Amino acid sequence: MVTVKKIFGVLLLLALLILPQNVSAEKTDFKDNYYNFRNVRGVVLLDVSSNIDFRNRGNLFVQKLRTTYQDNARRLKCNVLTEDQASRMTGSSDPRSFASVADLYIQCNIRDWSDDYYIVPERTVWEKKKMYRSARDYDGNYYEEAYYMTVPVTYPPYRVDISKIAVNFEVYDTRTGKLVFGREDVRDRNDKSAQDGMYGRICNSFFQDFAKLVK
């Protein structure tokens, strides 16, 4: 007789084999509760920064990071400027000089963009297997009858690739230089080279939540 424990083990194994799983997804926010976000009329997006050397990925990759970041910022219901635009308007690249064109500036820093993996060892589980046998009907004719047996099935070890990413967003007041909002978003996913999509979702999540503050 199949036990509940065995059935649960089979279902869990199928989920692991079929569905890509999030190993972890953690967001940590900071918010200055005394800052009046409703008075924000303009924001400057500083260029995406990172200690990771992305040069071997090419200029198109770096441009895609910047575009994903900037496109998601368009949901903000205020004037949004890039760092280049603010620098041309103020004649300075110092964020502290942007107070004449914006109330806040945002820094986006990619801290992790890496791949890892682990090995799932060989394992044996109990599964139902459909089998057939000959049977006779009331008229004495033979036919194939389906039935099920619970049998042990051994799966070989296999590799699970992991995509890791960590992105920080920091929002500063241009007049005081004070940090008024921030987020650290760290994610792992059981998938290979999935950081592009994860980065897009991270940017979308940040600006979606930040837009609620400055609406």
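Rules of the game
Residues numbered from 1 in each chain as written. Predicted model: local features only at pLDDT ≥ 70, side-chain atom pairs only at ≥ 80, totals over all residues. Heavy atoms only, no water. Helix = DSSP H or I, 4+ residues; strand = E, 2+ residues; numbered from the N terminus. Buried < 20%, exposed > 50% of the residue type's maximum accessible area, 1.4 Å probe, protein only. Areas by Shrake-Rupley, 256 points an atom, 1.4 Å probe, with all protein chains shown as cover. Expected span 1.5 Å × (residues − 1). Contact = heavy atoms within 4.5 Å. Axes fitted to C-alpha atoms, helices over the stretch in contact; angles between N-to-C directions. Parallel < 35°, antiparallel > 145°, perpendicular 65-115°, else oblique. Left-handed = near helix turned anticlockwise from the far one by under 90°. Core = buried A, V, L, I, M, F, W, Y, C linked by side-chain atoms within 4.5 Å.

*Asks:* Break down the overall build of the protein chain for me, citing the residues and quoting the values.
*Replies:* Helix and strand counts for the protein chain stand at four helices and nine strands. Per-residue burial over the protein chain gives 35% buried out of 215 residues. In the structure as shown, the protein chain presents an accessible area of about 13,600 Å², 50% of it carried by carbon and sulfur atoms.

*Asks:* So what's going on with helix α4 (residues 195-214)? Residues and values would help.
*Replies:* In a regular helix each residue adds 1.5 Å, so 20 residues correspond to 28 Å; α4 covers 28 Å between its end C-alpha atoms and thus fits that length. Residues of α4 that are buried: Q195, M198, Y199, I202, C203, S205, F206, F207, F210, A211, L213 and V214. For α4, the elements touching its buried residues are β1 (24-31), β2 (42-45), α2 (59-73), β5 (104-120), β8 (158-173) and β9 (179-189).

*Asks:* Give a detailed account of the packing of α2 against α4, specifying residues and quantitative values.
*Replies:* Closest axis-to-axis distance for the α2/α4 pair is 8 Å, and the angle between their directions is 25 degrees. Here α2 lies roughly parallel to α4, going by the angle between them. Every pair of crossing elements has a handedness; the one defined by α2 and α4 is right-handed. Across the interface between the two elements, F61, K64, L65, T68, Y69, N72 and A73 of α2 pack against D196, Y199, G200, C203, N204 and F207 of α4.

*Asks:* If you had to explain the nonpolar core to someone new, which residues and values would you point to?
*Replies:* In terms of nonpolar packing, the biggest core is built from 34 residues, with Y69, I106, Y199 and F210 touching the most fellow members. Elements supplying a minimum of two residues to this core: β2, α2, β5, β8, β9 and α4. In terms of residue count, α4 provides more of this core than any other element does, 10 residues in total. Those residues in contact with Y199 that sit more than four places away from it in its chain are V48, L65, T68, Y69, C108, I110, W113, I165 and V167. L81, F98, A102 and Y105 belong to the second largest nonpolar core, which has eight residues in total.

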